[in-house]
Amino acid sequence: MKLQQLPKEIQLDILPSHKGNLQYDCLGCDKEFSIEELLYTCPSCGEVLMIVDKNFDALKETSPEKWRQILDYRKMLNIPAYKGIYRYHEFIGPMLPEKSIVYLGEGHTPIIEANHILQQKVGARFYFKNDGQNPSASFKDRGMASALSYIQYLIQGGFAKEVLSICASTGDTSAAAALYASYLKPHIKSAVLLPHGKVTPQQLSQPLGSGAAVYEIPGVFDDCMKVVEALSENYAVALLNSKNAWRILGQESYSYEIAQDFNYDMKNKVAIVPIGNAGNITAIMNGFMKFYEIGIITELPKIIGVQSKHANPVYQYYQEKDASKRKFESVIVKPSVAQAAMIGNPVSMPRVISLVKKYNYLSKKENVFIAEVAEQEIMDWKLLANQNGHIACTQGGESLAGLVVAKKNGFLTDSDVVVLDSTAHALKFSGFQELYFSETFPTEFEIQSKKELINRPKLVKPASVQKFPSAGHPLEGDDFKAFVEGVSEELASLLGLEKKSY
Ligand SMILES: *Cc1c(COP(=O)(O)O)cnc(C)c1O
Ligand SMILES: [Zn+2]
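The rules behind the values
Residues numbered from 1 in each chain as written. Chains lettered and ligands numbered in written order. Predicted model: local features only at pLDDT ≥ 70, side-chain atom pairs only at ≥ 80, totals over all residues. Heavy atoms only, no water. Salt bridge = Lys/Arg side-chain N within 4 Å of Asp/Glu carboxyl O. Helix = DSSP H or I, 4+ residues; strand = E, 2+ residues; numbered from the N terminus. Buried < 20%, exposed > 50% of the residue type's maximum accessible area, 1.4 Å probe, protein only. Donors = N, O, S within 2.8 Å, 3.2 Å for Na, K, Ca; no water. Near = heavy atom within 4 Å. Polar contact = N/O pair within 3.5 Å; in protein donor to acceptor, adjacent residues only side chain to side chain. Areas by Shrake-Rupley, 256 points an atom, 1.4 Å probe, with all protein chains shown as cover. Pairing = 2+ DSSP bridges. Right-handed = clockwise from strand over helix to strand, strands pointing away. Phe/Tyr/Trp six-rings, centres within 6.5 Å; stacked < 30°, edge-to-face > 60°. Lys NZ or Arg CZ within 6 Å of the ring centre and 35° of its normal. Contact = heavy atoms within 4.5 Å. Domains from an automatic or database assignment. Buried area = accessible area lost by both parts, 1.4 Å probe. Axes fitted to C-alpha atoms, helices over the stretch in contact; angles between N-to-C directions. Core = buried A, V, L, I, M, F, W, Y, C linked by side-chain atoms within 4.5 Å.

### Digging into the pattern of salt bridges
Should their charged atoms come close, side chains of opposite charge can pair. Scanning all chains against the criterion turns up 21 salt bridges. A salt bridge links Asp-172 to Lys-428; its shortest N-O distance comes to 2.6 Å. Linking Asp-172 in helix α6 (residues 172-183) with Lys-428 in the loop between β13 (417-422) and α16 (430-437), this pair joins segments that are 256 residues apart in sequence. Looking at Asp-172, the relative accessible area reads 3%, which means it is buried. Judged by relative accessible area, Lys-428 falls into the buried class, the value being 4%. Across the salt bridge formed by Glu-229 and Lys-243, the nearest N and O atoms sit 2.8 Å from each other.

### Structural notes on the coordination of the zinc ion (ligand 2)
Ligation of the zinc ion (ligand 2) by protein atoms is provided by Cys-26 (SG), Cys-29 (SG), Cys-42 (SG) and Cys-45 (SG), these donors lying 2.3 Å from the ion. Positions of the donor residues of the zinc ion (ligand 2), expressed as sequence spacing, correspond to C-x2-C-x12-C-x2-C. Given the relative accessible area of 4%, Cys-42 is considered buried.

### Let's talk about the site of ligand 1
Close contacts around ligand 1 come from 13 residues, with Lys-140, Asp-172, Asn-277, Asn-280 and Thr-423 the closest. A distance of 2.6 Å separates an oxygen atom of ligand 1 from a polar side-chain atom of Lys-140. Between ligand 1 and Asn-280 there is a distance of 2.7 Å, counted from an oxygen atom to a backbone nitrogen or oxygen. Expressed as a share of its isolated accessible area of 380 Å², the protein-covered part of ligand 1 is 98%.

### Focus on the pairing of strand β10 (residues 269-274)
Counted residue by residue, β10 has six buried out of six residues, so it is predominantly covered. Relative to β13, β10 runs parallel, the two being bridged by four bridges. Its bridge partner being in β13, Lys-269 is matched across the sheet by Val-417. Sheet analysis places β10 next to strand β11 (residues 302-308), joined by five bridges and oriented parallel. Pairing of Pro-274 across the sheet is with Val-306, part of β11. Read from β10 through helix α11 (residues 279-294) to β11, the crossover connection turns out right-handed.

### Comments concerning the packing of aromatic side chains
Evaluated as defined, the whole model comprises 21 aromatic pairs. Look at Tyr-88 and Tyr-256: their rings are 5.3 Å apart centre to centre, the planes differ by 50 degrees, and that puts the pair in the tilted class. Of this pair, Tyr-88 sits in the loop between α2 (64-74) and α3 (89-92) while Tyr-256 sits in helix α10 (residues 253-261); the two residues are 168 residues apart in sequence, bridging distant segments of the chain. Residue classification places Tyr-88 among the buried positions, given a relative accessible area of 0%. With 4.4 Å between their ring centres and 20 degrees between their planes, Tyr-256 and Phe-291 make a pair best called stacked. Of the two residues, Tyr-256 sits in helix α10 while Phe-291 sits in helix α11, which places them 35 residues apart along the sequence. Since its relative accessible area comes to 0%, Tyr-256 is described here as buried. Judged by relative accessible area, which is 0%, Phe-291 ranks as buried. Ring-pair connections join several aromatic residues into one group, and the members of that group are Phe-56, Trp-67, Tyr-88, Phe-91, Tyr-256 and Phe-291. Over the ring of Phe-468 we find Lys-461, and its NZ or CZ is 5.3 Å from the ring centre.

### A short note on the side chain of Ser-336
Turning to its location among the elements, Ser-336 is positioned in the loop between α12 (313-319) and α13 (349-363). Looking at Ser-336, its side chain comes within polar contact range of the main-chain nitrogen of Ala-338, at 3.0 Å. What Ser-336 contacts, discounting residues up to four positions off in sequence, is Ser-308, His-310, Met-342, Glu-375, Phe-432 and Phe-445.

### Digging into the domain arrangement of the protein
Taken domain by domain, the protein comprises domain 1 (111-134 + 252-453), domain 2 (139-251) and domain 3 (458-502). For domain 1 and domain 2, the distance between their C-alpha centres works out to 24 Å. Counting from both sides, the interface comprises 30 residues of domain 1 and, opposite them, 26 residues of domain 2. Buried surface at the junction of domain 1 and domain 2, summed over both partners, amounts to about 2,300 Å²; 46% is from carbon and sulfur atoms. At the boundary of domain 1 with domain 2, the tally comes to three salt bridges. Taking the shortest distance from any N to any O, the salt bridge between Asp-131 and Arg-142 comes out at 2.8 Å.

### Considering the sheet that holds strand β9 (residues 238-239)
Strands sit in the order β8-β7-β6-β9 across an open sheet of four strands; the sheet is parallel. The sheet is open, and its two edges are formed by β8 (213-217) and β9, each paired on a single side. Against the sheet, α6 engages β6 (163-168) and β7 (188-195), with an angle of about 170 degrees to β7. Together, β6, β7, β8 and β9 form the strand contacts of helix α8 (residues 221-234), whose direction differs from that of β6 by roughly 155 degrees.

### Focus on the nonpolar core
Counting residues in each nonpolar core, the largest one holds 108 residues, and the members touching the most others are Tyr-24, Phe-91, Trp-246, Phe-288 and Phe-291. Per-element accounting of this core gives the leading share, nine residues, to helix α5 (residues 140-156). The residues that make up this core include at least three from each of domain 1 (111-134 + 252-453) and domain 2 (139-251). Once you skip the residues sitting within four places of it in the chain, Phe-288 turns out to touch Ser-255, Ile-258, Met-266, Ala-271, Ile-297, Leu-300, Pro-301, Ile-303 and Tyr-359. Core analysis: the next-biggest nonpolar cluster, separate from the first, contains 43 residues, Ile-304, Leu-383, Phe-432 and Leu-453 among them.

So, in structure tokens, the structure goes:
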């Protein structure tokens, strides 16, 4: 729709004009730093940073009702820069001019209600938000669109020239980073570090396909992370891990979309999200709080973070109920099908600790919970979801398993409506499905295949048929007829089909 076709009273406000006053805020020493430089940690104390708009309160000059109108009408505009996460420009990167915004189709992923069979089995009303329907097939594109738009802004403003972007990854960060960096050639080049053998073949194919320099390092993700941290501290590279606070900003769009898709009514809503490096749960909490502070939503939804027993440092931390006694300790991870979340020392832990406190405070009650699930539950629930029309990845299965555990633990009420984050596309993790269906999971996963969930292809090659076609060698005449008849009869018998009576 054209701007001029919108109602007169909305035309003046529909394009973003708030520029904000963005700064890095240190979570350790409270110092502030200018965003004219790409910082990852506090130059003063080394702690992680959050990006804060010091002029955020100016957004309160527009009424909540008007904000909802602006955001809803903005949907109709055909301006690419505002079609993705920057529909929420004022909340994500208000200083970015339209020409700096990189849009590759990220965001606005569908929210799909589970069918009756699945809702009945779980005993709750719930939806999946399919973040696997992003361009590189995971939610990481949200954060990458933000980080790369910012880098493009630095380049256009003359603050940076040639940029080498670098990241450690459990698979999806590198896929997203390589995709966005390749779009911004030649000013940005991309290198990714992966734990050798710890990403799926599909995930490995993604940065390779985008033309990034791909390096495999022995060890697990936490080891790769230490290497890129050392690189970013000592060399001129742009770190694209979620340690980079620009990633967090972009990922806040997930919350804004949920709010908008439920017509800003957050009563009885629950967002369930898997936790790995804890960037996503940080962003989701922060996003909801920003909308709440402006009054765009009038309640904060419940947040439930989920971890596998094989990678559960955040869960362990919150096991101590006395907040003053809590002490963070990293864990040694074990193999997990929620491989993208297989992280023992989450970089965003200080952000989580700080934001959970703030979230509960604003909610005036305990409103953030952490659930722990078994590998078996992750895999069983993922398969069951997919057998009921979803495209959930293993981390999406982790969200669903988390819902079941949350219900058991009394974190939910009967009227709660749940949105599960399926963080990537099922296809990225088809190898785990194959291990399950072929009953070949290595023992350290602690997963037993359940017969009723297994699905295998069956070769149909009836003994009654003499000749079969093959590529380059088609059958003809009676041979072809015999083949079609023999195979279709065998299939009819296998499927229990009845012959038509006419
Ligand atoms: C990165 C990732 C996660 C974990 O998110 P964090 O922000 O690291 O907590 C979960 N699922 C998928 C598919 C991911 O790529
Ligand atoms: Zn500091």
